[in-house]
Amino acid sequence: MPSIYKLLLLFCCLGITPLNAQDFVQVRGNQFFHKGKPYYFIGTNFWYGFNLGSEGEGGDRERLLKELDQLQALGINNLRIMAASEGPDDAPWRMTPALQPKPNELNEDLLVGLDFLLSEMAKREMVAVMCLNNYWQWSGGMAQYVAWAEGSEIPYPKLSDGSGWWDYMLYTARFYKNKKAKQHFQHFIKKIILRKNTLTGKSYRDDTTIMAWQLANEPRGPKYTWRYRKWLKATSKFIKSLDSNHLVTTGSEGTTPAKFNGNRIRKDHQST
């Protein structure tokens, strides 16, 4: 018996459905394809979905299901969700509870919340863009990784007059040159991509409900622009070494008006 038929027979005996590359969202030329057909979508941000999916603190599955049904009724079939949040819950500007309260320590209730969200999206034929980090302060993100690695304090902008944003941005951009901060992030990426959904039994890297991994929310590269682009390339390559099924995207705003931000859409996307 040819080896391919032996493999298919093994899959059937084990109750495993062989993966088909066409079941994942793909890019051919300048067109998305899904399940062998051109793919078009209406999408929205649903960043807090995995928090609602938790059965622990902050969870509200009834609300989550209601909102997913409302989105589906509107024709929305693509959700950009946070798959990460970092830092102590008493930090300012923070979505709580955090998925990663300390380096390499993950909140299992929230991970199960993410499992639940993906399983419910699959029932509604929705796909997810999974955001893995944040340049901004509201989920911890890069600044929190820097604080962990350096033992320093995050210089949060002032609410009273809106000052301090430049200092915050430069502090966050130190992430790109801090080896320890980037190692913490790669450890997190590996945990998420290799996770097996407790409800569906699927590994995230094999889950067709996921459209793409997004490196970060609105990453910028002020002062350390070449390090920023080096990080984009290295992190994309690292994700692809773990998961060849899914797309990878930067999460960038594109080319911003201020040149000091370091964003240049063509250069930033040459490696992803």
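Residues numbered from 1 in each chain as written. Predicted model: local features only at pLDDT ≥ 70, side-chain atom pairs only at ≥ 80, totals over all residues. Heavy atoms only, no water.

J.: Can you help me understand the packing of helix H7 (residues 179–193) against helix H8 (residues 225–242) in this one?
T.: Packed helices, taken two at a time, are described by the angle between their axes plus the distance between the axes. The N-to-C vectors of H7 and H8 enclose an angle of 30 degrees; their axes lie 10 Å apart at closest approach. It follows from the interaxial angle that H7 and H8 lie roughly parallel. The hand of the H7/H8 crossing is right-handed. Residue-level contacts link Lys 182, Phe 185, Gln 186, Ile 189, Lys 190 and Ile 193 of H7 to Trp 231, Thr 235, Phe 238, Ile 239 and Leu 242 of H8. Here the residues of the contact of H7 with H8 are counted per class, giving 7 nonpolar, 2 polar and 2 charged. (Axes fitted to C-alpha atoms, helices over the stretch in contact; angles between N-to-C directions. Helix = DSSP H or I, 4+ residues; strand = E, 2+ residues; numbered from the N terminus. Parallel < 35°, antiparallel > 145°, perpendicular 65-115°, else oblique. Left-handed = near helix turned anticlockwise from the far one by under 90°. Contact = heavy atoms within 4.5 Å. Nonpolar A, V, L, I, M, F, W, Y, C, P; charged D, E, K, R; others polar.)

J.: I'm lost on helix H4 (residues 108–123) in this one. Help?
T.: Note: α-helices contain 3.6 residues per turn, so residues at a spacing of three or four share the same orientation. Look at H4: 23 Å from first C-alpha to last across 16 residues, which is about the 22 Å you get at 1.5 Å a residue. Along H4, the residues that are buried comprise Leu 110, Leu 111, Gly 113, Leu 114, Asp 115, Phe 116, Leu 117, Leu 118, Ser 119, Glu 120 and Met 121. On its buried face, H4 is in contact with helix H2 (49–53), helix H3 (61–73), strand S5 (78–82), strand S6 (127–131), H7 and strand S7 (210–214). Sitting at the amino-terminal end of H4 is Asn 107, which places a side-chain oxygen 2.9 Å from the backbone nitrogen of Asp 109. (Expected span 1.5 Å × (residues − 1). Buried < 20%, exposed > 50% of the residue type's maximum accessible area, 1.4 Å probe, protein only. Polar contact = N/O pair within 3.5 Å; in protein donor to acceptor, adjacent residues only side chain to side chain.)

J.: What's the story with the packing of aromatic side chains in this structure? I'm lost.
T.: Aromatic rings considered in pairs are described by the distance between their centres and by the relative angle of their planes. Within this structure, the stated rule accounts for 19 aromatic pairs. Ring plane angle 65 degrees and centroid distance 5.5 Å describe the contact between Trp 47 and Trp 138, whose orientation is recorded as edge-to-face. Of the two residues, Trp 47 is situated in the loop between strand S4 (43–45) and H2 and Trp 138 in the loop between S6 and helix H5 (141–150); the sequence distance between them amounts to 91 residues. Look at Trp 47 and you get partly exposed, because its relative accessible area is 37%. (Phe/Tyr/Trp six-rings, centres within 6.5 Å; stacked < 30°, edge-to-face > 60°.)

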